[in-house]
Amino acid sequence: AFTDSTTNWYKDLDFVANTNTKFEGNITVGEGSGKVYMSGSAESDDEQVTISSNTASLDFDTSPSKTLTLVDGSDTRIEVTGNRTGQTMTVLVKQPGTGYGTVTIGSPISEPNGNFYTASQAPSAEDVLTFTTFNGTTYMVNAINFIQR
(Lines give C-alpha, C1' and ligand atoms only; values in the text may rest on other atoms or scores of the structure.)
Protein backbone atom coordinates (compact mmCIF):
# COMPACT_ATOMS: atom_id res chain seq x y z
CA ALA A 1 0.00 0.00 0.00
CA PHE A 2 1.14 3.55 -0.53
CA THR A 3 -0.11 6.98 0.33
CA ASP A 4 -0.04 9.78 -2.19
CA SER A 5 -0.65 13.43 -1.62
CA THR A 6 -1.55 15.67 -4.55
CA THR A 7 0.34 18.50 -2.88
CA ASN A 8 3.46 16.50 -2.01
CA TRP A 9 5.46 14.09 -4.17
CA TYR A 10 6.83 12.21 -1.17
CA LYS A 11 5.44 8.70 -0.95
CA ASP A 12 5.71 6.18 1.88
CA LEU A 13 5.57 2.58 0.72
CA ASP A 14 5.01 -0.56 2.76
CA PHE A 15 5.45 -3.69 0.67
CA VAL A 16 6.90 -7.11 0.11
CA ALA A 17 8.61 -6.86 -3.30
CA ASN A 18 8.65 -10.52 -4.44
CA THR A 19 9.81 -13.95 -3.33
CA ASN A 20 13.49 -12.99 -3.66
CA THR A 21 13.57 -9.67 -1.83
CA LYS A 22 11.66 -8.70 1.28
CA PHE A 23 11.33 -5.23 2.76
CA GLU A 24 9.43 -4.01 5.77
CA GLY A 25 9.44 -0.35 6.64
CA ASN A 26 9.05 2.85 4.67
CA ILE A 27 10.52 4.13 1.46
CA THR A 28 10.32 7.84 0.74
CA VAL A 29 11.00 9.19 -2.74
CA GLY A 30 11.60 12.91 -3.02
CA GLU A 31 10.57 14.73 -6.20
CA GLY A 32 13.55 16.36 -7.87
CA SER A 33 15.95 15.37 -5.09
CA GLY A 34 17.09 12.16 -6.77
CA LYS A 35 17.08 10.50 -3.35
CA VAL A 36 15.32 7.46 -1.99
CA TYR A 37 15.19 7.08 1.78
CA MET A 38 14.58 3.73 3.46
CA SER A 39 13.78 2.99 7.06
CA GLY A 40 13.54 -0.58 8.23
CA SER A 41 15.43 -3.53 6.83
CA ALA A 42 15.73 -5.39 3.58
CA GLU A 43 16.66 -9.03 3.08
CA SER A 44 16.82 -11.55 0.27
CA ASP A 45 16.69 -15.29 -0.16
CA ASP A 46 19.92 -17.23 -0.68
CA GLU A 47 19.83 -18.32 -4.32
CA GLN A 48 21.56 -21.64 -5.05
CA VAL A 49 23.49 -21.16 -8.31
CA THR A 50 23.31 -24.01 -10.83
CA ILE A 51 26.38 -24.94 -12.85
CA SER A 52 25.54 -25.80 -16.46
CA SER A 53 28.19 -26.78 -19.04
CA ASN A 54 30.85 -25.80 -16.47
CA THR A 55 29.43 -22.24 -16.29
CA ALA A 56 27.80 -20.48 -13.34
CA SER A 57 25.67 -17.58 -14.59
CA LEU A 58 25.17 -15.00 -11.84
CA ASP A 59 22.11 -12.90 -12.63
CA PHE A 60 21.91 -9.41 -11.11
CA ASP A 61 18.13 -9.50 -11.76
CA THR A 62 17.56 -12.22 -9.15
CA SER A 63 18.53 -12.41 -5.47
CA PRO A 64 21.63 -10.39 -4.54
CA SER A 65 22.72 -13.23 -2.18
CA LYS A 66 23.91 -16.39 -3.87
CA THR A 67 25.68 -19.65 -3.02
CA LEU A 68 27.81 -21.47 -5.58
CA THR A 69 29.02 -24.97 -4.68
CA LEU A 70 31.92 -26.07 -6.85
CA VAL A 71 32.36 -29.58 -8.27
CA ASP A 72 35.39 -31.70 -7.34
CA GLY A 73 37.88 -31.84 -10.20
CA SER A 74 36.01 -29.32 -12.39
CA ASP A 75 36.76 -25.77 -13.45
CA THR A 76 33.69 -23.50 -13.24
CA ARG A 77 33.53 -20.33 -15.33
CA ILE A 78 31.72 -17.44 -13.61
CA GLU A 79 29.70 -15.11 -15.86
CA VAL A 80 27.40 -12.22 -14.89
CA THR A 81 24.15 -11.15 -16.55
CA GLY A 82 21.63 -8.36 -15.98
CA ASN A 83 24.29 -6.00 -14.67
CA ARG A 84 23.32 -2.33 -14.47
CA THR A 85 24.94 0.59 -12.67
CA GLY A 86 24.44 0.55 -8.91
CA GLN A 87 23.74 -3.15 -8.50
CA THR A 88 25.62 -5.30 -5.99
CA MET A 89 25.71 -9.07 -5.50
CA THR A 90 27.47 -11.24 -2.90
CA VAL A 91 28.34 -14.87 -3.64
CA LEU A 92 29.42 -17.54 -1.17
CA VAL A 93 31.67 -19.98 -3.05
CA LYS A 94 31.79 -23.36 -1.34
CA GLN A 95 34.05 -26.31 -2.02
CA PRO A 96 32.52 -29.80 -1.87
CA GLY A 97 33.07 -31.95 1.25
CA THR A 98 35.74 -33.98 -0.53
CA GLY A 99 38.19 -32.61 -3.09
CA TYR A 100 37.93 -29.17 -4.64
CA GLY A 101 37.01 -27.35 -7.84
CA THR A 102 38.58 -24.34 -9.52
CA VAL A 103 37.13 -21.10 -10.90
CA THR A 104 37.75 -19.03 -14.02
CA ILE A 105 36.37 -15.48 -13.97
CA GLY A 106 34.66 -14.55 -17.22
CA SER A 107 35.20 -11.34 -19.10
CA PRO A 108 34.48 -8.45 -18.75
CA ILE A 109 34.75 -8.65 -14.95
CA SER A 110 37.44 -6.39 -13.47
CA GLU A 111 39.48 -7.50 -10.43
CA PRO A 112 42.10 -5.68 -8.35
CA ASN A 113 45.59 -5.99 -9.84
CA GLY A 114 47.58 -8.38 -7.66
CA ASN A 115 44.46 -9.83 -6.03
CA PHE A 116 42.96 -12.03 -8.75
CA TYR A 117 40.62 -14.66 -7.38
CA THR A 118 41.74 -18.25 -6.95
CA ALA A 119 39.25 -20.47 -5.13
CA SER A 120 40.48 -21.88 -1.82
CA GLN A 121 41.66 -25.41 -2.55
CA ALA A 122 40.55 -27.45 0.43
CA PRO A 123 37.47 -29.58 1.08
CA SER A 124 34.56 -27.55 2.53
CA ALA A 125 36.47 -24.23 2.11
CA GLU A 126 34.38 -21.06 1.77
CA ASP A 127 35.18 -17.84 -0.08
CA VAL A 128 33.11 -14.67 -0.58
CA LEU A 129 32.94 -12.74 -3.85
CA THR A 130 31.32 -9.31 -4.09
CA PHE A 131 30.30 -7.88 -7.46
CA THR A 132 29.22 -4.31 -8.21
CA THR A 133 28.55 -2.49 -11.47
CA PHE A 134 29.35 1.07 -12.57
CA ASN A 135 28.64 2.38 -16.07
CA GLY A 136 28.52 -1.06 -17.66
CA THR A 137 31.66 -2.43 -15.99
CA THR A 138 31.36 -5.14 -13.33
CA TYR A 139 33.97 -5.15 -10.57
CA MET A 140 34.70 -8.09 -8.27
CA VAL A 141 36.61 -8.33 -5.00
CA ASN A 142 37.26 -11.48 -3.02
CA ALA A 143 37.88 -12.70 0.50
CA ILE A 144 39.11 -16.28 0.74
CA ASN A 145 39.38 -19.25 3.06
CA PHE A 146 36.93 -18.33 5.79
CA ILE A 147 37.11 -20.30 9.01
CA GLN A 148 34.74 -20.31 11.97
CA ARG A 149 36.20 -19.12 15.28
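Reference entry: report on the structure contained in this document. (Residues numbered from 1 in each chain as written. Predicted model: local features only at pLDDT ≥ 70, side-chain atom pairs only at ≥ 80, totals over all residues. Heavy atoms only, no water.)

**What about the sheet that holds strand E10 (residues 88-94)?**
Ordered by their spatial adjacency, six strands build an open sheet running E5-E8-E10-E13-E14-E12, and the pairing between neighbours is mixed. Looking at strand neighbours, the two that pair on one side only are strand E5 (46-48) and strand E12 (109-110), the edges of this open sheet. The sheet contact formed by E5 and strand E8 (residues 65-69) spans three bridges and is parallel. Residue pairing across strands places glutamine 48 opposite threonine 67, the latter belonging to E8. (Pairing = 2+ DSSP bridges. Helix = DSSP H or I, 4+ residues; strand = E, 2+ residues; numbered from the N terminus.)

**Considerations on the sheet that holds strand E11 (residues 102-105)**
As summarised here, the arrangement of the four strands in space is E6-E7-E9-E11, forming an open sheet in which the pairing is mixed. Each edge of the sheet is formed by a strand with only one pairing partner; in this case those strands are strand E6 (51-52) and E11. In the sheet, strand E7 (residues 55-59) pairs with strand E9 (residues 75-81) via five bridges, with the strands oriented parallel. Opposite aspartate 59, over in E9, you have threonine 81 as the bridge partner.

**Brief notes about the nonpolar core**
Ranked by internal contacts, the top residues of the largest apolar core, which has 19 residues, are Leu58, Ile78, Val91, Tyr117, Leu129 and Phe131. Those elements giving two or more residues to this core turn out to be E7, E9, E10, E11 and strand E13 (126-134). Here the element with the most residues in this core is E10; it accounts for three residues. Among all residues touching isoleucine 78, those that are not within four sequence positions of it are Ala56, Leu58, Leu68, Val103, Thr104, Ile105, Gly106, Ile109, Leu129 and Phe131. (Core = buried A, V, L, I, M, F, W, Y, C linked by side-chain atoms within 4.5 Å. Buried < 20%, exposed > 50% of the residue type's maximum accessible area, 1.4 Å probe, protein only. Contact = heavy atoms within 4.5 Å.)

**Some details on the side chain of glutamate 111**
Structurally, the position occupied by glutamate 111 is in the loop between E12 and E13. Buried and unpaired, glutamate 111 has arginine 77 as its nearest opposite-charge partner, separated by 10 Å. Looking at glutamate 111, its side chain comes within polar contact range of the main-chain nitrogen of tyrosine 117, at 2.7 Å. Contact partners of glutamate 111, with chain neighbours within four places excluded, come to Ile105, Phe116, Tyr117, Met140 and Asn142. (Lys, Arg positive; Asp, Glu negative; His and termini not counted. Salt bridge = Lys/Arg side-chain N within 4 Å of Asp/Glu carboxyl O. Polar contact = N/O pair within 3.5 Å; in protein donor to acceptor, adjacent residues only side chain to side chain.)

**So, the pattern of salt bridges**
Under the counting rule described, the total for this entry stands at three salt bridges. In this structure, arginine 84 and aspartate 61 form a salt bridge, with 2.7 Å as the shortest nitrogen-oxygen distance. Of the two residues, arginine 84 is situated in the loop between E9 and E10 and aspartate 61 in the loop between E7 and E8; the sequence distance between them amounts to 23 residues. Between glutamate 79 and arginine 77 there is a salt bridge, with its nearest N and O atoms 2.4 Å apart.

In short, geometric facts, not functional conclusions.
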